Amino acid sequence: MSNANHHDIHVLNSLIQTTIDSADGYRLASGETDDPGHRDLFGRRSFERRQVAEELQSMVRALGGDPAAEGSILAKAQRAFADVKHALMRDETGMIGAVESAEDAVRARFEKALEDSQISATTRDAIRRAFFRVGEGREEVHDLRHSLQGQRDAGNPLYPH
């Protein structure tokens, strides 16, 4: 691997781990929800994230590197904590809020990578395409959380009607 590609490969592998973490989180959320519509949404997002990770892995291979094949240890620990928290609360809105928070973290990592002045234009373009696809999922989860929050608030007897 040439020195010129080393940094790009490092940045891409970091995003691959983040994207795999996101796919795993969506897969787990799909298994936790009782709502078939949410289950479908989370399943689709998990699949889409796997596709994004595969595209980034192809880019790493094209640069002469070995792509990351799994998520990060930190994300696994965070998911375990979220699983315990969700099991105690069993609140759909709270679970979707946790998914949205994770999405914010994914978005921040992609934004940081796009701001990296040391990556090549080709790598930046690949990251930008992946970021666009990842961003679409985040907005859908954001809208879902607000919808559920509004439904919960409207059912509250203290909510002004």
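Rules behind the numbers
Residues numbered from 1 in each chain as written. Predicted model: local features only at pLDDT ≥ 70, side-chain atom pairs only at ≥ 80, totals over all residues. Heavy atoms only, no water. Helix = DSSP H or I, 4+ residues; strand = E, 2+ residues; numbered from the N terminus. Buried < 20%, exposed > 50% of the residue type's maximum accessible area, 1.4 Å probe, protein only. Contact = heavy atoms within 4.5 Å. Areas by Shrake-Rupley, 256 points an atom, 1.4 Å probe, with all protein chains shown as cover. 1 Å grid on protein atoms, 1.4 Å probe; cavity = no way out; pocket = protein on both sides within 12 Å on 5 of 7 lines; lining within 4 Å. Points joined across faces, edges and corners; volume = space filled by probe spheres on them. Core = buried A, V, L, I, M, F, W, Y, C linked by side-chain atoms within 4.5 Å. Phe/Tyr/Trp six-rings, centres within 6.5 Å; stacked < 30°, edge-to-face > 60°.

Colleague: Pulling in residues and values, what's your account of the overall build of the chain?
Modeller: When its secondary structure is counted, the chain shows 5 helices and 0 strands. Buried positions account for 40% of the 161 residues belonging to the chain. Partitioning the intrachain contacts of the chain with sequence separation of at least 6 by distance along the chain shows that 79% fall at a separation of at least 24. Put simply, the chain shows about 9200 Å² of open surface, and 54% of that area lies on carbon and sulfur atoms.

Colleague: Explain the layout of surface pockets to me, and be specific about the residues and the numbers.
Modeller: Considering only enclosed or pocket space, the second largest pocket measures out at about 150 Å³ in volume. Every residue lining the second largest pocket is listed: His7, His10, Val11, Ser14, Leu15, Arg109, Lys112, Ala113 and Asp116. The set of elements that each furnish at least two residues to the lining of the second largest pocket consists of helix 1 (3-32) and helix 4 (92-115). Considering each element in turn, the lining of the second largest pocket owes the most residues, 5 residues, to helix 1.

Colleague: Explain the nonpolar core to me, using residue names and the numbers behind them.
Modeller: Counting 23 residues, the largest nonpolar core has Val11, Leu12, Leu15, Ile16, Leu56, Phe110 and Ile127 as its most contacted members. Only helix 1, helix 2 (36-62), helix 4 and helix 5 (121-155) provide two or more residues apiece to this core. Ranked by the residues each element gives to this core, the list is headed by helix 1, at 6 residues. The contact partners of Ile16, leaving out residues within four places of it in the chain, are Ala53, Leu56, Gln57, Val60, Pro67 and Ala68. In this structure, Leu41, Phe42, Ile96 and Leu144 belong to the second largest nonpolar core, which totals 10 residues.

Colleague: Could you give me a rundown of the side chain of Arg45, with the residues and numbers involved?
Modeller: Looking at the secondary structure, you find Arg45 in helix 2. Residues in contact with Arg45, not counting those within four places in the same chain, are Tyr26, Glu136, Gly137 and Glu140.

Colleague: Help me get a handle on the packing of aromatic side chains, residues and values and all.
Modeller: The final tally for this structure, using the stated rule, is 2 aromatic pairs. Seen from their ring centres, Tyr26 and Phe42 are 5.9 Å apart, and the 35° between their planes marks the pair as tilted. Of this pair, Tyr26 sits in helix 1 while Phe42 sits in helix 2, and the two are 16 residues apart along the sequence. For the ring pair Phe110 and Phe131, a centre distance of 6.1 Å and an interplane angle of 25° mean the geometry is stacked. Of this pair, Phe110 sits in helix 4 while Phe131 sits in helix 5, and the two are 21 residues apart along the sequence. As far as burial versus exposure is concerned, Phe110 and Phe131 are alike and both buried.

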